[in-house]
Amino acid sequence: MTAIATFGELLERHEREIFAYALRLTADRDDADDVYQETFLAAFRGWPPPRRGQERAWLYRIATNKVIDRARRAKRLVRMDDLRLAAPERDGVSLADLASAVKVLPEGQRAAFVLRKLQGLEYAEVARALACSEEAARSRVAEAMKKVKEAMR
Amino acid sequence: MNELMTDARERLVARARREGLETVGYGVVDSPLGPLWIAVGPKGVLAIHYGSEPAAADLARIVRSYGPGVLPDARRADPVARELDQYFAGKRKSFDVAVDLSTLTEFQRRILTATAQVGFGEVSSYGKVAATAGRKKASRAAGQALGSNPIPIVVPCHRILASDGSLGGYAGGLEAKRRLLTLERGGAPAGGWIRRGRDD
């Protein structure tokens, strides 16, 4: 894949997954729209991407921080009731069940879980997006998985 | 999701424009010759490319002059698209949109400026264009400069033929060049003319 030279290329290549990610984390169309816009505007203002080939993790990190900032500002837990808007059905799992299971995860685990299990990122990318070690990313996802499975039993 | 995405992107691009982050806007329009990728900067049209994706060379040239703020923004391309529509419908013989040649070399600028003087329905040759540009002996280089004309149709390089009257070359393919010349000779009825067979 060639290096990204323009805002337009970054946008066209990644906007759908970032919008979907924002929708999964916020479960609200307007909030997701804001996160998507703030993420890309921040990326444009902070141009160029820190390292070639890592634009994706960079965008996920910005988006994750925007979601956490918003949740902090709003002093409320992010609602996941509307997850079915964004999540494709997987393995016959009821999305409503999955949504309520994900809802109760702590923020760091929730972001790791969504990035790995719903967005399909590699652990290395999850780690870069959440600014933690790959080991920490694995353990957050594993912890989250355990809780989600328990909740859905 | 698609609709959500389109709305969200329009709002994003509008904000980027307001904040001065967008320097160049582009859009893809359908034409009788297939999709055209059109980029417009602060001084005018920077590129019209045959195809729905930009050419790497166009992007590199644009970024060198205007930075990375190149965003999908159909609004910027609309005035060009309108004039092209009128041209293809046989209702326009010259273009009013400004063209921006500042990203090109001086030689390319001279050749394209000379080419722009060849009017609708007329033809010229690479040699004559080179002479008009003050470089009488540079007909081969003129041909190359026209082959990489970043703003075809509006800068009418299709009107420039080889000195023996044969078509020469064309970035959009010789079939496109033939059709543009046919349109300008009044031989192509408005609408539908691209759908005729190759050997018409």
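Above this text is the structure in question.
In this text the structure is predicted, and so the values were computed from the model without any measurement. (Residues numbered from 1 in each chain as written. Chains lettered and ligands numbered in written order. Predicted model: local features only at pLDDT ≥ 70, side-chain atom pairs only at ≥ 80, totals over all residues. Heavy atoms only, no water.)

## What about the overall build of chain B?
- In terms of helices and strands, chain B carries 7 helices and 6 strands.
- The helix and strand sequence of chain B, counted from the amino end, reads α-β-β-β-α-β-α-α-β-α-α-β-α.
- Rg of the C-alpha trace for chain B: 18 Å, near the compact-globule value of 16 Å for 200 residues, within the 12% margin.
- Per-residue burial over chain B gives 48% buried out of 200 residues.
- Look at the contacts in chain B between residues 6 or more apart in sequence, and 57% of them connect residues 24 or more apart.
- For chain B, the exposed surface amounts to about 9,700 Å²; the carbon and sulfur share of it is 49%.
- Of the side-chain charges in chain B, 29 are positive and 21 negative, and the distance between the mean point of each set is 7 Å. (Helix = DSSP H or I, 4+ residues; strand = E, 2+ residues; numbered from the N terminus. Rg over C-alpha atoms; globule rule 2.2 N^0.38 Å. Buried < 20%, exposed > 50% of the residue type's maximum accessible area, 1.4 Å probe, protein only. Contact = heavy atoms within 4.5 Å. Areas by Shrake-Rupley, 256 points an atom, 1.4 Å probe, with all protein chains shown as cover. Lys, Arg positive; Asp, Glu negative; His and termini not counted. Charge placed at Lys NZ, Arg CZ, Asp CG, Glu CD.)

## Details of the packing of aromatic side chains
Residues and elements named next belong to chain B.
- This structure, assessed with the given rule, holds 11 aromatic pairs over all chains.
- Geometrically, the ring pair formed by Y26 and W37 is tilted, given 5.2 Å between the ring centres and 35° between the ring planes. In this pair, Y26 is assigned in strand 1 (residues 24-29) and W37 in strand 2 (residues 36-41), connecting sequence segments 11 residues apart.
- Using a relative accessible area of 1% as the deciding quantity, one classes W37 as buried.
- With a centroid separation of 6.2 Å and an interplanar angle of 85°, the aromatic rings of Y87 and F120 are classed as edge-to-face. (Phe/Tyr/Trp six-rings, centres within 6.5 Å; stacked < 30°, edge-to-face > 60°.)

## Examining the pairing of strand 2 of chain B
Residue and element names in this part refer to chain B.
- For strand 2, the tally of buried residues reaches 6 of 6 residues, placing the bulk of the element in the interior.
- Burial along strand 2 is two-sided: the residues L36, I38 and V40 and W37, A39 and G41 are all buried.
- Bridging between strand 1 and strand 2 involves 5 bridges; their strand directions are antiparallel. When the sheet's bridge partners are listed, Y26 is paired in strand 2 with A39.
- Counting the residues that bridge the hairpin from strand 1 to strand 2 gives 6 residues, and of these G34 lies at a positive phi of roughly 100°.
- Pairing analysis gives 6 bridges linking strand 2 to strand 3 (residues 44-50), with the strands arranged antiparallel. Across the sheet, residue V40 finds its bridge partner in strand 3, namely V45.
- Where strand 2 hands over to strand 3, the hairpin turn is made up of 2 residues, counted between the paired strands. (Pairing = 2+ DSSP bridges.)

## Re the sheet that holds strand 3 of chain B
- Taking strand neighbours across the sheet as the criterion, the 4 strands line up as 3-2-1-4 (chain B) in an open arrangement whose pairing is mixed. The strands lining the two open edges of the sheet, one partner per strand, are strand 3 and strand 4 (70-72) of chain B. The average angle at which neighbouring strand axes cross in this sheet is 25°, direction not considered.
- The sheet contact formed by strand 1 of chain B and strand 4 of chain B spans 3 bridges and is parallel. From the neighbouring strand, B:V24 faces strand 4 of chain B, where its bridge partner is B:V70.
- Across the sheet, helix 1 (residues 7-26) of chain A is in contact with strand 1 and strand 4 of chain B; its angle to strand 4 of chain B comes to roughly 40°. (Axes fitted to C-alpha atoms, helices over the stretch in contact; angles between N-to-C directions.)

## Some points on the interface of chain B and chain A
- The interface of chain B with chain A comprises 20 residues on the first partner and 21 residues on the second.
- Buried surface at the junction of chain B and chain A, summed over both partners, amounts to about 2,000 Å²; 67% is from carbon and sulfur atoms.
- Summed over the three residues of chain B that lose the most area to chain A, namely B:M5, B:L12 and B:P68, the buried surface amounts to 28% of that side.
- The tally of links between chain B and chain A comes to 3 salt bridges. (Buried area = accessible area lost by both parts, 1.4 Å probe. Salt bridge = Lys/Arg side-chain N within 4 Å of Asp/Glu carboxyl O.)

## Focus: the pattern of salt bridges
- In total, this model carries 16 salt bridges over all chains according to the counting rule given.
- Its salt-bridge partner being A:K146, residue A:E143 comes within 3.3 Å of it at the nearest N-O pair. Of this pair, A:E143 and A:K146 are both found in helix 7 (residues 134-152), 3 residues apart, which corresponds to roughly one turn of the helix.
- A:E143 sits in the partly exposed class, given a relative accessible area of 32%.
- For the salt bridge of B:R61 with B:D58, the shortest nitrogen-to-oxygen distance reads 2.9 Å. Placement of the pair is B:R61 and B:D58 together in helix 2 (residues 56-66), with a separation of 3 residues, close to one helical turn. Exposure class is identical for B:R61 and B:D58. Each is buried.

## Observations concerning the environment of B:P54
- Tracing the backbone shows B:P54 in the loop between strand 3 and helix 2.
- With 92 residues separating them in the primary sequence, B:P54 and B:L146 have C-alpha atoms 18 Å apart.

## Looking at the nonpolar core
- Formed by 51 residues in total, the largest nonpolar core has its most connected members in A:L10, A:Y21, A:Y36, A:F40, A:F44 and A:L115.
- The set of elements that each furnish at least two residues to this core consists of helix 1, helix 2 (29-45), helix 3 (55-74), helix 4 (95-103), helix 5 (107-118), helix 6 (123-129) and helix 7 of chain A together with helix 1 (2-18) of chain B.
- The element contributing the most residues to this core is helix 1 of chain A, with 9 residues.
- Sequence-distant contacts of A:Y36, that is, excluding residues within four places in its chain, are made with A:L11, A:E15, A:F19, B:M5, B:A8, B:R9 and B:L12. (Core = buried A, V, L, I, M, F, W, Y, C linked by side-chain atoms within 4.5 Å.)

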